[in-house]
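# Structural overview
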Amino acid sequence: MLFLQLLASFFLLLLPLLSILFLTKASAAPKKQSSPQPSTTTTLPRSYPIIGSLLAVIANRHRSIQWISDILQVSPSATYLLHRNFATRVVLTANPAVVQHILKTHFHNYGKGGYFSKTLKDLLGHGIFNVDGESWKFQRQVASHEFNTKSLRKFVETVVDTEISDRLIPILSSAAATRTVIDFQDILQRFAFDNICKIAFGFDPAYLLPSLPQTKFAQAFEDSVKISSERFRSLIPLVWKIKKLLNIGSEKRLRIAVSEVQEFAKSVIREKKHELREKSSLDSVDLLSRFLSSGHSDENFVTDIVISFILAGRDTTSAALTWYLWLLSKNPHVESEVLKEVNEKSEATAFDEVKDMVYTHASLCESMRLYPPVAADSKEAVNDDVLPDGTVVKKGMRVTYIPYAMGRSEALWGKDWAEFKPERWLEREETENRQWRFVGRDAYTYTVFQAGPRICLGKEMAFLQMKRVVAGILRQFKVVPVIEEGVEPEFVPQLTSKMKGGLPVMIVERDEKDFFR
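This text gives an overview of the structure that appears in the document. (Residues numbered from 1 in each chain as written. Predicted model: local features only at pLDDT ≥ 70, side-chain atom pairs only at ≥ 80, totals over all residues. Heavy atoms only, no water.)

### With respect to the pairing of strand β8 (residues 398-401)
Burial of the side chains of β8 extends over both faces: Arg398 and Thr400 are buried on one face and Val399 and Tyr401 on the other. As paired strands, strand β5 (residues 377-381) and β8 are joined by four bridges and run antiparallel to one another. In the sheet register, Asp377 faces β8, and the bridge partner there is Tyr401. (Buried < 20%, exposed > 50% of the residue type's maximum accessible area, 1.4 Å probe, protein only. Helix = DSSP H or I, 4+ residues; strand = E, 2+ residues; numbered from the N terminus. Pairing = 2+ DSSP bridges.)

Put into structure tokens, the structure is as follows:
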């Protein structure tokens, strides 16, 4: 009798799993995207006892962010409670009022929470992006003080300019001369990795060289981020936890990669500490040197916070610029306006003067509206709550706001939301020369840089880097994607977004006539 009961239980468990497997196979081949328009046939997913909407989640797993965005477009309050699987329920939202509620007015009730922190603990430890409460507040104060210094801004500017002139431009010149197709996403990731390592560590990994080398630290960091991202995509988190316990598969690779990242970081920290003992202060002005010089010498604390900043600066700007350059190629009138503005500025543009690149700034904002570097972000409720639209949130439940969906909302951006239109961020000054003036949107509608107390500390430096890269590239080259006409590259949301398969391009030297348009 016991055997029959166990056998019956087994088949009851097997039946939904076979259904899941069938749907998985049926949807295994992702289709090419040809338009950013949402599906006109979107319906809210059906929810079943026990498994919730797991079948719909699996069926749409290759286009999860697009599917979620479509759901929010047809939800009356742009907020939806998804029964994701078994006992997991998550609130999804593209409603600015809800975003303001969780990021500002009820900030105290919404933190990173246990789910997020445990998933990223191996990589980020107790770093600023993985903690709440007093630990977050302390790290935020320390980092905020350093980010607001003019000397750091000047250091960032020097690092970026050196990487552009000494590495990026020569590689692009070579590609143009040899008519070689290069992956611009890879180039920009290497560029950003060199920059952030110099800014955070004072260490040059020399990742952007003509040979495009695979350096141990860069590869270990890439593996750590990729596998950590895959944990979030796991339909049943228990699977990766068991793999970690048994030290097998992807979890074994993650353990090795994280160990390499941390050992490297700690070796740099020890060298800096030794240098600090030899002198009264450090000559370098990178973040690590600043933290150590100001008395923050705990090795684990400094390691976690510096690794967090490398993660934040490594892929965000490269992701933004990858999609930006693709959009420019599809919108030559925008490229012409950006090039006109670039050519009006001196090659030695200073930090304050970069702010005057108003049209370029608007075009970058517009690109990130459609293709945000971070497509979604979750907070976890500390206590029961009710959101502004009436959605009931239970303690421990996650509320996820979706910048990707918000940037594609007709209610927020109008019927022309699908157009790449920098002018939506601009208005003409009422002066004789009628110059453009930038008109920003509130941080709860345009959530690319988060909002509230956790708003991105590196926002201004990100724009500084992106504008200088855009100016450096467009002043000399035209970037021509080698992509099938009418096909949109696939947006892949990880911890930071990617363009699936990279951005293959040809680099073309600009003619003189381009400078007089």
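### Details of a nonpolar patch on the surface
A surface patch of nonpolar side chains, amounting to about 890 Å² of accessible area, comprises Ile50, Phe86, Ile236, Leu238, Val239, Ile242, Leu245, Leu246 and Ile248. When you line up the elements, Leu245 lands in helix α10 (residues 238-246). Look at Leu245 and you get exposed, because its relative accessible area is 73%. (Patch = residues over 30% accessible without salt bridge, like charges linked within 9 Å, V, L, I, M, F, W, Y side chains within 5 Å. Areas by Shrake-Rupley, 256 points an atom, 1.4 Å probe, with all protein chains shown as cover. Salt bridge = Lys/Arg side-chain N within 4 Å of Asp/Glu carboxyl O.)

### Overview of the nonpolar core
Counting residues in hydrophobic clusters, the biggest one holds 137 residues, and the most contacted among them are Phe184, Phe221, Val306, Ile310, Val338, Ile473 and Ile507. The element that contributes the greatest number of residues to this core is helix α7 (residues 150-178), accounting for twelve residues. (Core = buried A, V, L, I, M, F, W, Y, C linked by side-chain atoms within 4.5 Å.)

### Let's talk about the packing of helix α17 (residues 358-370) against helix α20 (residues 459-474)
Running from N to C, α17 and α20 cross one another at 110°; their axes reach a closest spacing of 11 Å. Between α17 and α20, the interaxial angle falls into the category roughly perpendicular. Note on element contacts: α20 touches α17 through Phe463, Met466, Lys467 and Val470, opposite Thr360, His361, Leu364, Cys365 and Met368. Its residues assigned to classes, the contact of α17 with α20 shows six nonpolar, two polar and one charged. (Axes fitted to C-alpha atoms, helices over the stretch in contact; angles between N-to-C directions. Parallel < 35°, antiparallel > 145°, perpendicular 65-115°, else oblique. Contact = heavy atoms within 4.5 Å. Nonpolar A, V, L, I, M, F, W, Y, C, P; charged D, E, K, R; others polar.)

### A short note on the pattern of salt bridges
Pairs may arise between side chains of opposite charge once their charged atoms sit close together. Inspection of every chain in the model, using the stated rule, returns 32 salt bridges. Its salt-bridge partner being Asp161, residue Arg468 comes within 2.5 Å of it at the nearest N-O pair. Remark: Asp161 occurs in helix α7 and Arg468 occurs in helix α20; sequence separation between them is 307 residues. Its relative accessible area of 9% is what places Arg468 among the buried residues. A salt bridge links Arg270 to Glu299; the shortest N-O distance between them is 3.2 Å. Of this pair, Arg270 sits in helix α11 (residues 249-278) while Glu299 is found in helix α13 (residues 299-314), placing the two residues 29 residues apart along the sequence.

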